[in-house]
Amino acid sequence: MRDILPAEQKYFMYLRKAFETAAEQSGFNRIYTPTVEPATLFERTVGKSTDIVEKEMYAFKSKSGKKVALRPEGTASVARAYLENGMTSWPQPVKLYYEMPMFRYDRPQAGRYREHWQFGVEAFGEKSPLLDVTVIALALRAIKTAGLSETSLQINSIGCPNCRPKYKRILTRFLKENEKELCADCKRRIKTNPLRTLDCKEKKCQEVTEGAPQMVNNLCNTCHEHFKVILEYLDALDIVYEINPRLVRGLDYYIQTVFEIWNERDGGQSALGGGGRYDGLTELLGARKVPGIGFGLGADRIVAAMMAEKVEIPEGTGLDVFVVQLGKEAKKKCFKLMFDLQNAGVGAEGSIDKGSMSAQLKMANRLKVPYAIIIGQKEAYSDTVILKDMDSGCQEIYPQDKIVRELEKRISKLQR
Ligand code: HAM
């Protein structure tokens, strides 16, 4: 697990704000769930034979002997919270979003961390394909703010409990006929999870499955219609997508729609985010069936891609003004003024140590503040301040007791 230092933090925070704004503007409300949950929650939903549960879950016994796990993904936890907190009786759909760390024990490598952050949403209680479109469009809007040059939306339908078993049989027959050509993992998957052979990274397996029967050609009428409407609406919104018959996703709870957003710069090697529909998930948790759909964006990967592409993000330190002081009397006044400004919600910083006027103004420049306040000896005695606009260099004199109000006004204008 790794530290995320200030250089990366500014990308994280930028992305987080953009994601929060996009989610809130689409009517999603924030939720956080506990980091530790009973391991069975993920075994029952994500699936016992998935990589996430079988190989990567940090599961251990708590002091009471109960098997618990560090949350490997958010959907199961949010679904549990939805059921446990009576949200089934809220007006549906219930739309929730989160920024939470996830834990997966994998060999650490670029884009794969043992602790990673996901910005995700989950929407419960609505079966309409238009909710799928809403959720996909939101994921794309959030990714767009990252300013990456080449991303793509990959989409597929993996059917439902009505049509998938039949497709599994057709696919299994095909795989058995070609078993000799498959890697050891895929040979095992023929029995455990034949769909996963479709997204195997081994070249020889990909060559075999190139000619495999496709789920989209074997959907039942309901799934076919659902997928068709989604594609029609994506077209209507001018959202470009690629139907990817290999996209099956590595979590068992999905039905029908699955999608991922890829960074084409690395050939889609590591998805920036992924999601899908999971109408059977609440049943896996012992409750009645509630439809649902969501996604998780991998913040660490998006940030890494932004840094690799040297994406420039709007600079902003949260500071609005730098207070410059010259002389003993001015120092005391400046110190008080700095706190008065902060208490009024104006981001203020100043040099507590001595320093020449030019050294202090240099600091102000480095912090990219829009304003500086200067109090020298003359101003200290006359209860005035000099307000300097750092962009234009213009200076104005204000009475000391009016400056906080004046800056409040100017900052609120800047924010608008
Ligand atoms: P997931 O595809 O396992 O889906 O993860 C979502 C995203 O998290 C991935 O696309 C990737 O960007 C990032 N990610 C996953 N594992 C790692 C890792 N080890 N290191 C860095 N980033 C990683 C889910 O977890 C589902 N719960 C998403 C979802 C929400 N589906 C419906 N609702």
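Owing to the predicted nature of the structure, the values given are computational and were not obtained by experimental measurement. (Residues numbered from 1 in each chain as written. Predicted model: local features only at pLDDT ≥ 70, side-chain atom pairs only at ≥ 80, totals over all residues. Heavy atoms only, no water.)

1. What to know about the overall build of the protein
Across its full length, the protein holds 15 helices and 16 strands. Along the first, second and third principal axes, the C-alpha atoms of the protein reach 90 × 50 × 45 Å. Relative to its full complement of 416 residues, the protein shows a buried share of 52%. Intrachain contacts of the protein at a sequence separation of at least 6 include 69% that bridge at least 24 residues. Roughly 21,000 Å² of accessible area belongs to the protein as shown, and the carbon and sulfur atoms make up 51% of that amount. A distance of 4 Å separates the average location of the 63 positive side-chain charges in the protein from that of its 54 negative side-chain charges. (Helix = DSSP H or I, 4+ residues; strand = E, 2+ residues; numbered from the N terminus. Buried < 20%, exposed > 50% of the residue type's maximum accessible area, 1.4 Å probe, protein only. Contact = heavy atoms within 4.5 Å. Areas by Shrake-Rupley, 256 points an atom, 1.4 Å probe, with all protein chains shown as cover. Lys, Arg positive; Asp, Glu negative; His and termini not counted. Charge placed at Lys NZ, Arg CZ, Asp CG, Glu CD.)

2. So, helix α12 (residues 328-343)
Because each turn of an α-helix spans 3.6 residues, side chains separated by three or four positions in sequence point in the same direction. For α12, with 16 residues, the first-to-last C-alpha span of 23 Å sits near the 22 Å given by 1.5 Å per residue. Looking at α12, one finds that the buried residues are Ala330, Cys334, Leu337, Met338 and Leu341. The buried residues of α12 occupy one face: seen down the axis, they fall within an arc of 110°. Residues of α12 that are exposed and angled more than 90 degrees away from the buried face: Lys328, Lys332, Lys336 and Asn343. Downstream of α12 by one or two residues, Gly345 has phi in the positive range, about 85°. (Expected span 1.5 Å × (residues − 1). Arc of directions from axis to C-beta.)

3. A few points about the sheet that holds strand β14 (residues 371-375)
On the basis of which strands lie adjacent, the open sheet formed by five strands has the order β13-β12-β14-β15-β16 and mixed pairing. Edge positions in the sheet fall to β13 (348-350) and β16 (395-399), since each of these pairs with one other strand and no more. Here the average twist between neighbouring strands, direction ignored, is 30°. Sheet analysis places strand β12 (residues 321-325) next to β13, joined by three bridges and oriented parallel. Considered in β13, the bridge of Val321 is made with Ala348. Where α12 meets the sheet, its contacts fall on β12, β13, β14 and β15 (384-389), and the angle it forms with β12 comes to roughly 165°. Here helix α13 (residues 357-366) sits on the sheet and contacts β12, β14 and β15; the angle it forms with β12, its principal contact strand, is near 175°. (Pairing = 2+ DSSP bridges. Axes fitted to C-alpha atoms, helices over the stretch in contact; angles between N-to-C directions.)

4. Here we look at the sheet that holds strand β4 (residues 67-70)
Reading across from one edge, β2-β4-β3 is the order of the three strands in this open sheet, with antiparallel pairing throughout. On the outer flanks of this sheet lie β2 (36-38) and β3 (59-61), each paired with one strand and no other. If you compare each strand with its neighbour and ignore which way they point, the axes differ by 40° on average. Looking at chain direction, β3 and β4 are connected through three bridges and run antiparallel. By the bridge assignment, Ala59 is partnered in β4 with Ala69.

5. Considering the pattern of salt bridges
Across all of its chains, the model carries 28 salt bridges by this definition. A salt bridge links Arg112 to Asp106; the shortest N-O distance between them is 3.4 Å. A salt bridge links Glu309 to Arg265, with the nearest nitrogen and oxygen atoms 3.7 Å apart. Of this pair, Glu309 sits in the loop between α11 (299-308) and β12 while Arg265 sits in the loop between β9 (255-263) and β10 (271-277), placing them 44 residues apart in sequence. Ionic contacts of the salt-bridge type, sharing partners, join the residues Arg16, Glu20, Arg30 and Glu99 into one network. (Salt bridge = Lys/Arg side-chain N within 4 Å of Asp/Glu carboxyl O.)

6. Considerations on the domain arrangement of the protein
Partitioning the protein into domains gives domain 1 (6-163 + 219-308) and domain 2 (321-415). Here the C-alpha centre of domain 2 lies 46 Å away from the C-alpha centre of domain 1. (Domains from an automatic or database assignment.)

7. Digging into helix α4 (residues 75-84)
Here α4 lies mainly inside the structure; eight of its 10 residues are buried. The complete set of buried residues in α4 reads Thr75, Ala76, Ser77, Val78, Ala79, Arg80, Ala81 and Tyr82. Packing partners of the buried residues in α4 comprise β2, α2 (39-45), β5 (94-103), β6 (115-124) and α10 (281-284). Of the residues trailing α4, Gly86 is marked for its positive phi of about 70°.

8. Digging into the side chain of Arg196
By the element assignment, Arg196 lies in the loop between α7 (184-192) and α8 (203-209). Setting aside anything within four residues of it in sequence, one finds Arg196 in contact with Arg189, Val248, Arg249 and Gly250.

9. Some points on the side chain of Glu406
Topologically, Glu406 is positioned in helix α15 (residues 403-415). Once you skip the residues sitting within four places of it in the chain, Glu406 turns out to touch Leu387 and Tyr398.

10. Considering the site of the ligand
Taken together, the neighbourhood of the ligand is formed by 26 residues, with Glu73, Glu122, Arg249, Tyr254 and Ala271 sitting nearest. The backbone of Gly111 places a nitrogen or oxygen atom 3.4 Å from a nitrogen atom of the ligand. Between the ligand and His116 there is a distance of 3.4 Å, counted from a nitrogen atom to a side-chain nitrogen or oxygen. Coverage of the ligand by the protein amounts to 96% of the 660 Å² it exposes when considered alone. Counting only elements with at least two residues in the shell around the ligand, the list comes to β6, β10 and β11 (292-298). Tallying contributions element by element places β10 first for the shell around the ligand, with six residues. (Near = heavy atom within 4 Å. Polar contact = N/O pair within 3.5 Å; in protein donor to acceptor, adjacent residues only side chain to side chain.)

11. Brief notes about the environment of Glu20
Relative to the helices and strands, Glu20 is located in helix α1 (residues 6-25). Its relative accessible area of 18% is what places Glu20 among the buried residues. Residues Glu20 and Tyr97, spaced 77 residues apart in sequence, show a C-alpha to C-alpha distance of 8.1 Å. Not counting chain neighbours up to four residues away, the residues in contact with Glu20 comprise Arg30, Tyr97 and Glu99.

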